[in-house]
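Tertiary structure, described
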Amino acid sequence: MIDLKEPRAQDWAIETIGMTRRFGDFVAVDQLDLRIPHKTIYGFLGPNGCGKSTSMRLITGLLTPSAGSVRVLGMDIPEQAELLRRRLGYMTQKFSLYDDLTVQENLRFMAQIYNLESRSVKQLIDSQLRRYQLNERKTRLAGALSGGQRQRLALAAATLHQPELLILDEPTSAVDPENRRDFWEKLFDLCDSGTTILVSTHYMDEAERCHGLAIMESGVKRADGAPAQLMRELGARVVEIDGENLRLLKQQLGELPEVVSTAQQGTHLRVLIKEAIEDPETWLRSVHPELVANRQIHTVRPSLEDVFVHCTGSNAPDGQGARQ
């Protein structure tokens, strides 16, 4: 039988209350409240500059909050940040290992950083090489690896000491879709073995894989919950409209106050309409018949991208908003 009781305070892997970070007059993170259970994958989704990386640095103790409290694995941060680092793995967006060392040498170096027992190091490194398909490349320089191989090496290094908490800052931003899928399979393996994972991403498909998710904008948490829950509770209705001259239709519908957003997807237009409009198709055909004459309209299920747009009002250009 599943226990649906609210977890006790000590059961949260990460708990922040009013976590805030200012840089002068600029507020990078604004009163962020988080409760992340153990043994889950929790994601930050948002555009560049929304506060994802700053939040992660506050949680690890690399930055001190301007206000609020941070508690991680039962420890107060940043006061106990040094103790936390022994139980934490951290993988940055930029490859941070040494290009002029081999795969194996990089892992040996990280074993020294983590102060692992010498008698167990060889076994741990051999296990990581097998797990992340690097055994045949262990003598290759890290600088000669492909993007996906470097990513696997970085993950192998970050988990060499078997951390309880793994923090990944946009770890898949420079790899192809196949390697991204494989990377996420590795994350679920780690989670299944007891690791709590906090990951930031630009990608909608990755965000949907998370057990829980915070949508961030300008340092503020706009939404928080399981992806499926966020989609159910969107607060808007979604229709798809096909036909010709979609660019003109997009412009015309975007001027209506009842329309939250419009986006062309191939041969149809995806339109978010305020929840107050109970039957979007009837409303469009009766109130704006000139716009949708001779067009097919279908009510569809919300997607996570719809949630993101509704929460942030983001119609940012490519490269600025979250990506599919």
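As the structure is a computational prediction, the values presented were derived from the model and not from experiment.

Cut-offs applied
Residues numbered from 1 in each chain as written. Predicted model: local features only at pLDDT ≥ 70, side-chain atom pairs only at ≥ 80, totals over all residues. Heavy atoms only, no water. Helix = DSSP H or I, 4+ residues; strand = E, 2+ residues; numbered from the N terminus. Contact = heavy atoms within 4.5 Å. Areas by Shrake-Rupley, 256 points an atom, 1.4 Å probe, with all protein chains shown as cover. Phe/Tyr/Trp six-rings, centres within 6.5 Å; stacked < 30°, edge-to-face > 60°. Buried < 20%, exposed > 50% of the residue type's maximum accessible area, 1.4 Å probe, protein only. pLDDT = per-residue confidence, 0-100. 1 Å grid on protein atoms, 1.4 Å probe; cavity = no way out; pocket = protein on both sides within 12 Å on 5 of 7 lines; lining within 4 Å. Points joined across faces, edges and corners; volume = space filled by probe spheres on them. Nonpolar A, V, L, I, M, F, W, Y, C, P; charged D, E, K, R; others polar. Domains from an automatic or database assignment. Pairing = 2+ DSSP bridges. Axes fitted to C-alpha atoms, helices over the stretch in contact; angles between N-to-C directions. Parallel < 35°, antiparallel > 145°, perpendicular 65-115°, else oblique. Left-handed = near helix turned anticlockwise from the far one by under 90°. Polar contact = N/O pair within 3.5 Å; in protein donor to acceptor, adjacent residues only side chain to side chain. Salt bridge = Lys/Arg side-chain N within 4 Å of Asp/Glu carboxyl O.

This part takes up the overall build of the chain. Within the chain one finds 12 helices and 14 strands. A principal-axis box enclosing the C-alpha atoms of the chain has dimensions of 75 × 50 × 45 Å. Intrachain contacts of the chain at a sequence separation of at least 6 include 68% that bridge at least 24 residues. For the chain, the exposed surface amounts to about 16,700 Å²; the carbon and sulfur share of it is 46%.

With that settled, consider the packing of aromatic side chains. Counted according to the given criterion, the structure contains three aromatic pairs. Note on Tyr 42 and Phe 44: the rings are 6.1 Å apart at their centroids and 90 degrees apart in plane angle, and the pair reads as edge-to-face. Take Tyr 42: its relative accessible area is 4%, and that puts it in the buried class. Note on Trp 184 and Phe 188: the rings are 6.2 Å apart at their centroids and 50 degrees apart in plane angle, and the pair reads as tilted. On the criterion of helical spacing, the pair formed by Trp 184 and Phe 188 is a turn pair, its members being four residues apart in helix H6 (residues 177-192).

Below, the discussion takes up the confidence of the model for the chain. Considering every residue of the chain, the mean pLDDT works out to 90; 93% of them sit at 70 or more. Put simply, helix H12 (residues 304-312) is where the chain has its lowest mean pLDDT, 91, and strand E1 (residues 12-23) is where it has its highest, 98. Confidence drops under a pLDDT of 50 for residues 1-7, and excluding neighbours within four residues, the segment shows three contacts in the predicted structure. Low pLDDT (under 50) marks residues 315-324, which in the prediction has 19 contacts with non-local residues, meaning those over four places away or in another chain.

The tally for this structure, following the rule as stated, stands at one cavity of 30 Å³ or more. Within this model, the largest cavity holds a volume of roughly 30 Å³. Looking at the largest cavity, the residues that line it are Glu 170, Pro 171, Thr 172, Ser 173, Ser 200, Thr 201, His 202, Tyr 203 and Glu 206. A breakdown of the residues in the lining of the largest cavity according to their chemical character gives two nonpolar, five polar and two charged.

Before going further, it helps to spend a moment on the domain arrangement of the chain. The domain architecture assigned to the chain consists of domain 1 (9-231) and domain 2 (235-301). Computed over C-alpha atoms, the centres of domain 1 and domain 2 are 39 Å apart.

Turning to the layout of surface pockets, a few remarks are in order. In this structure, the largest pocket encloses a volume near 620 Å³. Leu 88, Tyr 90, Met 110, Ile 113 and Tyr 114 are the residues nearest the centre of the largest pocket, which is lined by 24 residues in total. The biggest single contributor to the lining of the largest pocket is strand E6 (residues 88-91), with four residues. When its residues are assigned to classes, the lining of the largest pocket shows 14 nonpolar, six polar and four charged.

Across the sheet, which stays open at both edges, the four strands sit in the order E2-E1-E4-E5 with antiparallel pairing between neighbours. Each edge of the open sheet carries a strand with a single partner, namely strand E2 (26-37) and strand E5 (75-77). Taking the axes of each pair of neighbouring strands and ignoring which way they run, one obtains an average angle of 25 degrees across the sheet. Relative to E5, strand E4 (residues 67-72) runs antiparallel, the two being bridged by three bridges. Note that in E5 the partner of Arg 71 across the bridge is Asp 76. Sheet strands touched by helix H1 (residues 52-60): E1, E2, E4 and E5. Its angle to E1, the strand with the most contacts, is close to 120 degrees.

It is at 10 Å that the axes of helix H3 (residues 103-113) and helix H4 (residues 118-131) come closest, and there the two elements cross at 130 degrees. Taken together, H3 and H4 sit at an angle that is classed as oblique. Crossing of H3 against H4: the hand is right-handed. Taking contact as the criterion, the partners of Val 103, Gln 104, Leu 107, Arg 108 and Ala 111 in H3 are, on H4, Val 121, Ile 125 and Leu 129.

Further remarks concern the side chain of Glu 217. Tracing the sequence through the fold places Glu 217 in strand E9 (residues 212-217). For Glu 217, the side chain forms a polar contact with the side chain of Arg 222, separated by 3.0 Å.

Moving on to H1. Judged by how many residues are buried, H1 sits mostly within the fold: seven of nine residues are covered. Within H1 the residues assigned to the buried category are Lys 52, Thr 54, Ser 55, Met 56, Leu 58, Ile 59 and Thr 60. Just downstream of H1, Gly 61 is the residue with a positive phi angle, here 90 degrees.

Another point: the pattern of salt bridges. Using the criterion set out here, one finds 17 salt bridges in the structure. Ionic pairing is found between Arg 87 and Glu 164, a salt bridge with its closest N-O pair at 2.6 Å. You can see Arg 87 sitting in the loop between helix H2 (81-85) and E6 and its partner Glu 164 sitting in the loop between helix H5 (147-158) and strand E7 (165-169), a full 77 residues away along the chain. According to the relative accessible area criterion, Arg 87 is partly exposed, its value standing at 28%. Taking relative accessible area as the criterion, Glu 164 reaches 35% and is therefore assigned partly exposed. Within this structure, Arg 180, Asp 205 and Glu 206 form a network of salt bridges that share partners.

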